[in-house]
Number of protein chains: 2
Amino acid sequence: MLPYSTLIQLHPDRDTPLYLQVSNRLIQLMTEGTLAPGMRLPSSRKLSEVLNIHRKTVIAAYDELIVQGWAETKTGSGTYVNKDLPIVQASKLLDNASAPVAPEFTPEYSLRFGFNDGHPDVRLAPLKSLVKEYNSLVSNKMFLRQLNYQFQFMGDPFLRQQLSSYLHETRGIVAGPNEILLTRGSIMAFYLIMAKYIEPGDNVVVGDPSYQTFNDIIAIHKGNKISIPVDQYGMDTDVLEKVCQKQKVSLVYVISHHHHPTTVKLIPERRLKLLQLAEKYNFKILEDDYDYDFHYEGSSVLPLASTNRREHIIYAGSFSKTLVPSLRLGFLVIKEEWAEELSQLRRYIDRTGDPMLERAMGVLLESGEVKRTLNKANVAYKARRDLLCNLLDRELRDEIEFDIPGGGMAIWVTFKNHIDVQKLIEYCEKRDLHISNPKTYQSRQSTRLGYASMNEEEIINAFEILKDGIRQVQLPS
Amino acid sequence: MLPYSTLIQLHPDRDTPLYLQVSNRLIQLMTEGTLAPGMRLPSSRKLSEVLNIHRKTVIAAYDELIVQGWAETKTGSGTYVNKDLPIVQASKLLDNASAPVAPEFTPEYSLRFGFNDGHPDVRLAPLKSLVKEYNSLVSNKMFLRQLNYQFQFMGDPFLRQQLSSYLHETRGIVAGPNEILLTRGSIMAFYLIMAKYIEPGDNVVVGDPSYQTFNDIIAIHKGNKISIPVDQYGMDTDVLEKVCQKQKVSLVYVISHHHHPTTVKLIPERRLKLLQLAEKYNFKILEDDYDYDFHYEGSSVLPLASTNRREHIIYAGSFSKTLVPSLRLGFLVIKEEWAEELSQLRRYIDRTGDPMLERAMGVLLESGEVKRTLNKANVAYKARRDLLCNLLDRELRDEIEFDIPGGGMAIWVTFKNHIDVQKLIEYCEKRDLHISNPKTYQSRQSTRLGYASMNEEEIINAFEILKDGIRQVQLPS
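If you're wondering where the values come from, they're calculated on a predicted model, not measured in any experiment.

### A few points about the overall build of chain A
Link 1 in the chain: In terms of regular secondary structure, chain A is built from 16 helices and 15 strands.
Link 2 in the chain: Relative to the globule expectation of 23 Å for 477 residues, the C-alpha radius of gyration of chain A, 31 Å, shows a markedly less compact shape.
Link 3 in the chain: Overall size of chain A, expressed as C-alpha extent along the three principal axes, is 95 × 60 × 50 Å.
Link 4 in the chain: Split into buried and exposed, the 477 residues of chain A put 62% on the buried side.
Link 5 in the chain: Across chain A, the fraction of contacts at a sequence separation of at least 24, relative to all contacts at a separation of at least 6, is 71%.
Link 6 in the chain: When the accessible surface of chain A is summed, it comes to about 18900 Å², and 48% of that surface belongs to carbon and sulfur atoms.
Link 7 in the chain: Each charge class in chain A can be summarised by its mean position, and for the 57 positive and 59 negative side chains these summaries are 4 Å apart.

Written out as structure tokens, the structure reads:
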């Protein structure tokens, strides 16, 4: 007889009934080849003695094996491994002790404060209101039936309706709910568009530098990236025109409001020029709504999409900055026919968005809570921007160059050449201050100092560490 | 002077300040070409008279245009459209009345009861407990900081840790948290695997018939689908062996527990054979956990993945059936290296899962609420299955053939040939009863009658309509 007392280790403390522990382990032994097809299993009396369990438990385990088809009985002769199982090459005898065991695991949460890429402050987000809405939704019988019976591939109709009015009021965009496709943040919006409309080798124009994640999405879909210089007025549309004269351009990605990473605004002349080129050379513009809601001087410039030339302009936006970046909820304003096409693709990626989150956001839009949150955040972020700009200007004028951004959540700074930025980052990390690496912006000396997620005290603390670091890492001139 | 009173329609009832309504509309007119570069704008006095608003409002609007770069002042001579704007071909004069207006929109929610594909009953889902967890999470400062600062591309570490124990206890799977990748339901799990591991033309084996959504995902990634017959014992592994002898197979998709759509179980011999073939011919098995949790006779057969041969078996599961199908949360059990690769791709699809949902599910797993929910549902669904099977057997024996499924949420039925199934569906729709179309199962006379989402009264009502329908649509024999 096999050494069953070693092979079968029981755990009475677990929820799984003992008889199932026995039968499951026997199945594993059959699968590993330790128990071969046609082999006789020990009698229930014998096995119950060896394992020190009740005989009824063994009988139940054998019944389970028979029901499942792993074993068979021969009258008067006992229980056998099903002889029709294919012969598995016997692995070396494994006792339970050497069976694989899940490694110990301690989740690591990095909670670094610091100058990130430009995240919002979660402390200002209307999360409690959101959960309050969830509370009433899960008691709403009509909503529950919708949850069960319906996949809204375009996203929740109520939120799309609210968004239709909201985009009109805040951005001059006239789009019906059927021209609005909800997505998991703007990342999914980008992914869907590239997957659907870009064939391998198609030319996709972006700024130089541009949002790295978008560059990566182009690469995933094997698009051919063409980079056009971005200066203080935004993407250089004259260069774009020359590119168009030479080759077919399929799509131009533009962050018109505050370009990422450099925070510059696309000026009116170039906006109109871009529209003209799109019509003349028949390419799509993918306009990123990035940071539209955060503007501290005058008001925001209306997006290109407010010209409602939907044949050429697709508009991508997100609620990540009003809520938190990790609650993914974004939207595309797009020709109805394309919205439908993309929603059909999206069915096979995640089926549908989160109907609870979508519905609750619709309610927060309707009640004005989203606007109140944005107003509050604008006041707070302007003060934080001013504070950090003042500190930089007053104390690090010889080490850092920057322009005051008109809005958004980060300052684009350039460290002068005598600063070793990589060493600076290392120094700050040691003091638990995170700084975004210039490499993520395709740069050596420039980075984004996100200020929005820190309150004023935190900004001052962070700045002190940054300043100390800069004193440490100056190269000999 | 242009007919400004027609061109600029103001809406004092809206939230947008009047001066912005004026400047935004003027920008639109410039963009459309109605206002050409260099053109003089009316004086603020004049425009305020025409529009019947305060002169200060017009001055503020012009200031806005100047700040944004759309207009410029010439001292002593007034305000002009920026002459550097490119000349736009003037569209025909649009007045606001003919400007695009979002169409009226009434969201349509179809709330049909009926025999669906096999959905759970949302009334049994622990949604209130879930929202209770949300409530405490949004007051948890540590969690909020995680929300802000961290994208968990693999999914919430706490849920992965809980899942590691849960899968061990319920499925005999020994997988550490780093071998578990959270996804938006099993759909995203499938999508990621196909996107990463299947090149155009690669052979992917599925059952005939099989889960249609998976077939569609193969098509999206241009895989070559090979269908293998599924009989009452599951996928025919002898046929699979012959296929493997002739050509390279990259992946085999198998729903081992209750095959979709036919509900049959893959028997032990074929399970082992499949494993042997995977090792011999070096293909990946993608095992779908579908309906594992719902079993009414004996216990569930351990999945293939419990053999922990991670080099060959990828296991995909989902919480859709414990919660509601539209709250997307699933997982892959997969080699650590592959989990990492897939999480890197997932960054560009939706960045990250929903950290609130993931954490809350982790808590519900830990507290045993998930198990209690499943136990409760198993009792309810078994009763519903028995009820529907009895009704079918007693009253429609001459019209419908079926086997009693050992678990799951639907019965695979075949209408005899004298029943015109398409007419039956139409008849039932008219009486607000939904029946899944056989076409979605690549069939003419067979469909799935999902019973789990209806309570016993609802099943009886639905059955009566079905029975009436069948009486109506019998073909002359």
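Still to come is the rest of the account.
### Focus: the packing of helix α2 (residues 18-32) of chain A against helix α4 (residues 55-68) of chain A
All names here are of chain A.
Link 1 in the chain: Contact geometry of α2 with α4 gives a least axis separation of 8 Å together with a crossing angle of 50°. In terms of their interaxial angle, α2 and α4 are classed as oblique. Of the two elements, α2 crosses α4, and the hand of that crossing is right-handed. Across from Leu18, Tyr19, Leu20, Val22, Ser23, Leu26, Ile27 and Met30 in α2, the residues of α4 making contact are Thr57, Ala60, Ala61, Tyr62, Glu64, Leu65 and Gln68.
Link 2 in the chain: Residues of the contact of α2 with α4, tallied by class, amount to 11 nonpolar, three polar and one charged.

### A closer look at the nonpolar core
Link 1 in the chain: If you look at the biggest cluster of nonpolar residues, it comprises 239 residues, and the most contacted ones within it are Leu392(A) and Leu392(B).
Link 2 in the chain: Ignoring sequence-local partners within four residues, the contact set of Leu392(B) consists of Arg397(B), Ile400(B), Phe402(B), Ile411(B), Val413(B), Leu449(B), Phe463(B) and Leu466(B).
Link 3 in the chain: Of all hydrophobic cores here, the second largest spans 66 residues; its members include Leu332(A), Tyr348(A), Val206(B) and Ile217(B).

### Some words on the sheet that holds strand β15 (residues 446-450) of chain B
Residue and element names in this part refer to chain B.
Link 1 in the chain: Across the sheet, three strands lie side by side as β12-β13-β15; this open sheet has antiparallel pairing. On the outer flanks of this sheet lie β12 (400-402) and β15, each paired with one strand and no other. Adjacent strand axes in the sheet meet at a mean angle of 40°, parallel and antiparallel pairs treated alike.
Link 2 in the chain: Sheet topology places strand β13 (residues 410-415) next to β15; five bridges connect them, and they run antiparallel. Counted as the bridge partner of Val413 is Thr447 from β15.

### Here's the deal with the side chain of His312(B)
All names here are of chain B.
Link 1 in the chain: Inspection of the secondary structure puts His312 in the loop between β9 (284-288) and β10 (313-318).
Link 2 in the chain: Assessed through its relative accessible area of 11%, His312 is described here as buried.
Link 3 in the chain: Residue contacts for His312: discarding those within four places in its chain leaves Ala278, Glu279, Asn282, Phe283, Lys284 and Ile285.

### Remarks on the confidence of the model for chain A
Low pLDDT means the predicted atomic positions in that stretch should not be read closely.
Residue and element names in this part refer to chain A.
Link 1 in the chain: A residue-level look at chain A finds 94% of positions with pLDDT of 70 or above and a mean pLDDT of 89.
Link 2 in the chain: Of the regions scoring below 50 in pLDDT, residues 90-100 engages in 17 contacts with residues more than four places distant in sequence or in other chains.
Link 3 in the chain: In the predicted assembly, ipTM is 0.88 and pTM is 0.89.

### With respect to the relation of the copies chain A and chain B
Link 1 in the chain: With an RMSD of 0.1 Å, the fit of chain A onto chain B corresponds to turning through 180° and sliding 0.0 Å along the axis. What the superposition gives is, in effect, a two-fold axis relating one chain to the other. For chain A, the minimum C-alpha distance to the rotation axis belongs to Val131(A) and amounts to 3.6 Å.
Link 2 in the chain: When the interface residues of chain A are mapped onto chain B, 100% of them again lie at the interface, so the same face is used by both copies.

### Brief notes about the interface of chain A and chain B
In many analyses, interface size is given as the accessible surface area lost on bringing the parts together.
Link 1 in the chain: The interface of chain A with chain B comprises 111 residues on the first partner and 111 residues on the second.
Link 2 in the chain: The contact between chain A and chain B buries some 9700 Å² in all, and 63% of this surface belongs to carbon and sulfur atoms.
Link 3 in the chain: Taken together, the links from chain A to chain B amount to zero salt bridges.
Link 4 in the chain: Our count for the contact surface shared by chain A and chain B stands at 11 residue pairs in polar contact (both at pLDDT 80 or more).
Link 5 in the chain: Considered class by class, the residues forming the side of chain A that touches chain B number 51 nonpolar, 34 polar and 26 charged.

### Side note on the pairing of strand β10 (residues 313-318) of chain A
All names here are of chain A.
Link 1 in the chain: For β10, the tally of buried residues reaches six of six residues, placing the bulk of the element in the interior.
Link 2 in the chain: Burial of the side chains of β10 extends over both faces: Ile313, Tyr315 and Gly317 are buried on one face and Ile314, Ala316 and Ser318 on the other.
Link 3 in the chain: The sheet contact formed by strand β9 (residues 284-288) and β10 spans four bridges and is parallel. By the bridge assignment, Glu287 is partnered in β10 with Tyr315.

### Quick notes on the environment of Ser129(B)
All names here are of chain B.
Link 1 in the chain: Among the structural elements, Ser129 can be located in helix α5 (residues 127-137).
Link 2 in the chain: Taking C-alpha positions, Ser129 is 48 Å from Leu10, a pair spaced 119 residues apart along the chain.
Link 3 in the chain: Ignoring anything within four residues of it in the chain, the contact list for Ser129 reads Leu364 and Glu369.

### Overview of the pattern of salt bridges
Residues and elements named next belong to chain A.
Link 1 in the chain: A complete count under the given rule lists 54 salt bridges over all chains for this structure.
Link 2 in the chain: With a shortest N-O distance of 3.2 Å, Asp293 and Arg171 are connected by a salt bridge. With Asp293 in the loop between β9 and β10 and Arg171 in helix α7 (residues 157-171), the pair connects residues that are 122 residues apart, well separated along the chain.
Link 3 in the chain: Bridged by salt links that share partners, the residues Asp121, Arg123, Arg384 and Glu458 form one connected network.

### Brief notes about the packing of aromatic side chains
Link 1 in the chain: Tallied over the entire structure, the rule returns 16 aromatic pairs over all chains.
Link 2 in the chain: Look at Tyr134(A) and Tyr134(B): their rings are 5.3 Å apart centre to centre, the planes differ by 50°, and that puts the pair in the tilted class. Residue Tyr134(A) is located in helix α5 (residues 127-137), and its partner Tyr134(B) is located in helix α5; the two belong to separate chains. One exposure class covers both Tyr134(A) and Tyr134(B), and it is buried.
Link 3 in the chain: Measuring from centroid to centroid gives 5.9 Å for Phe319(B) and Phe331(B), while their planes differ by 55°, and the two rings are tilted.

### Looking at the sheet that holds strand β7 (residues 234-235) of chain B
Residue and element names in this part refer to chain B.
Link 1 in the chain: Ordered in space as β4-β11-β10-β9-β8-β5-β6-β7, the eight strands form an open sheet in which the pairing is mixed. Unpaired on one side and paired on the other, β4 (180-183) and β7 mark the two borders of the sheet.
Link 2 in the chain: As judged from the six bridges shared by strand β5 (residues 203-208) and strand β6 (residues 224-231), these two strands associate in the parallel manner. Counted as the bridge partner of Asp208 is Pro229 from β6.
Link 3 in the chain: Contacting β4, β10 and β11 (330-333), helix α7 (residues 157-171) crosses the sheet at an angle of about 110° to β4.

### Considering unusual backbone geometry
Link 1 in the chain: The peptide bond linking Asp208(A) to Pro209(A) adopts the cis configuration, its omega dihedral lying at 5°.
Link 2 in the chain: Here Pro209(A) shows up in the loop between β5 (203-208) and α9 (212-220).
Link 3 in the chain: With an omega dihedral of 10°, the bond running from His260(A) to Pro261(A) counts as a cis peptide bond.
Link 4 in the chain: Note that Pro261(A) resides in the loop between β8 (251-254) and α11 (268-281).
Link 5 in the chain: Look at Asp291(A): it is not a glycine, yet its phi comes out positive at around 65°.
Link 6 in the chain: Within the fold, Asp291(A) resides in the loop between β9 and β10.
Link 7 in the chain: One non-glycine residue, Asn282(B), lies in the positive phi region at around 55°.
Link 8 in the chain: Looking at the element boundaries, Asn282(B) is found in the loop between α11 (268-281) and β9.

Conventions used here
- Residues numbered from 1 in each chain as written.
- Chains lettered and ligands numbered in written order.
- Predicted model: local features only at pLDDT ≥ 70, side-chain atom pairs only at ≥ 80, totals over all residues.
- Heavy atoms only, no water.
- Helix = DSSP H or I, 4+ residues; strand = E, 2+ residues; numbered from the N terminus.
- Rg over C-alpha atoms; globule rule 2.2 N^0.38 Å.
- Buried < 20%, exposed > 50% of the residue type's maximum accessible area, 1.4 Å probe, protein only.
- Contact = heavy atoms within 4.5 Å.
- Areas by Shrake-Rupley, 256 points an atom, 1.4 Å probe, with all protein chains shown as cover.
- Lys, Arg positive; Asp, Glu negative; His and termini not counted.
- Charge placed at Lys NZ, Arg CZ, Asp CG, Glu CD.
- Axes fitted to C-alpha atoms, helices over the stretch in contact; angles between N-to-C directions.
- Parallel < 35°, antiparallel > 145°, perpendicular 65-115°, else oblique.
- Left-handed = near helix turned anticlockwise from the far one by under 90°.
- Nonpolar A, V, L, I, M, F, W, Y, C, P; charged D, E, K, R; others polar.
- Core = buried A, V, L, I, M, F, W, Y, C linked by side-chain atoms within 4.5 Å.
- Pairing = 2+ DSSP bridges.
- pLDDT = per-residue confidence, 0-100.
- Least-squares fit on C-alpha atoms with pLDDT ≥ 70 in both.
- Buried area = accessible area lost by both parts, 1.4 Å probe.
- Salt bridge = Lys/Arg side-chain N within 4 Å of Asp/Glu carboxyl O.
- Polar contact = N/O pair within 3.5 Å; in protein donor to acceptor, adjacent residues only side chain to side chain.
- Phe/Tyr/Trp six-rings, centres within 6.5 Å; stacked < 30°, edge-to-face > 60°.

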